[in-house]
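Chain and residue survey
Spelled out from the first residue to the last, the chains are:
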Amino acid sequence: RQQLVAGMPLRAFVLSSFVADVALVLPPLLSQLGFIAKFELAVFVDCLPVVALLLVAFAFASVAQVYALLPDYKTPAADQTSILALNIVTGFILAVITWVLCIPFLGSTANAVARAISLIGRASPAYNLANAVLTIPNIALPGFGTVHGLPPLHPRVAGEPLAA
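Every value quoted in this text rests on a predicted model; they were computed, and no experiment measured them.

1. Concerning the nonpolar core
Judged by nonpolar contacts, the single largest core of 23 residues is most densely connected at Val-50, Val-51, Leu-54, Leu-55, Ile-136 and Ala-158. At the level of secondary structure, the elements contributing two or more residues to this core comprise helix 2 (10–38), helix 4 (48–69), helix 7 (125–135) and helix 8 (155–163). Examining the composition of this core, we find that eight residues originate from one element, helix 4, more than from any other.

2. Considering the packing of helix 4 against helix 7
At a minimum axis separation of 9 Å, helix 4 and helix 7 run at an interaxial angle of 165 degrees. With respect to helix 7, the axis of helix 4 lies roughly antiparallel. Helix 4 and helix 7 meet at a crossing whose hand is left-handed. Contacts from Leu-54, Leu-55, Phe-58, Ala-61, Ser-62 and Gln-65 of helix 4 reach helix 7 at Pro-125, Ala-126, Leu-129, Ala-132 and Val-133. In the contact of helix 4 with helix 7, the residues fall into nine nonpolar, two polar and no charged.

3. Here we look at the packing of aromatic side chains
Centre-to-centre distance and the angle between the planes together describe a pair of aromatic rings. In total, this model carries two aromatic pairs according to the counting rule given. A ring pair is formed by Phe-18 and Phe-60, whose centres lie 6.3 Å apart and whose planes are at 45 degrees; its orientation type is tilted. Of this pair, Phe-18 sits in helix 2 while Phe-60 sits in helix 4, and the two are 42 residues apart along the sequence. A relative accessible area of 41% places Phe-60 in the partly exposed class. On the basis of an interplanar angle of 15 degrees and a centroid distance of 6.5 Å, the ring pair of Phe-35 and Phe-39 is categorised as stacked. Taking relative accessible area as the criterion, Phe-39 reaches 56% and is therefore assigned exposed.

What counts as what
- Residues numbered from 1 in each chain as written.
- Predicted model: local features only at pLDDT ≥ 70, side-chain atom pairs only at ≥ 80, totals over all residues.
- Heavy atoms only, no water.
- Core = buried A, V, L, I, M, F, W, Y, C linked by side-chain atoms within 4.5 Å.
- Buried < 20%, exposed > 50% of the residue type's maximum accessible area, 1.4 Å probe, protein only.
- Helix = DSSP H or I, 4+ residues; strand = E, 2+ residues; numbered from the N terminus.
- Axes fitted to C-alpha atoms, helices over the stretch in contact; angles between N-to-C directions.
- Parallel < 35°, antiparallel > 145°, perpendicular 65-115°, else oblique.
- Left-handed = near helix turned anticlockwise from the far one by under 90°.
- Contact = heavy atoms within 4.5 Å.
- Nonpolar A, V, L, I, M, F, W, Y, C, P; charged D, E, K, R; others polar.
- Phe/Tyr/Trp six-rings, centres within 6.5 Å; stacked < 30°, edge-to-face > 60°.

This is the structure we're talking about:
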């Protein structure tokens, strides 16, 4: 907060903090691309540009969500950590539940519940990232889902989560 004390405009302070936070989030996320390439995860290697785009979008969206929720809190550093932890835990858990409920042989009731959860989960950047990453392998698995053979940026694969 020394920048504010020194007379830096508030908008410049928030913008510079946002850019710095995104810059801190990107290296660990993008390191995942190295792991994908190193361990030759075939489905993801084939879709590496899409996975990279998802990770970069997640970095910007998750930091933006923290900044959007932060003004209501008294201790910014602790609250940023709490918001990110809540976002990641709830987002990933909801994505896995939705993914399991979308398995075709579970029937229409499970699929309807998955669609309802998906409407709620779209508010979480972590849900969108996990949902897309869980759906991408299904394009290579015949008979497992309804997205077999679709391109990775199709709205039913990673297109809709990326747009959200």
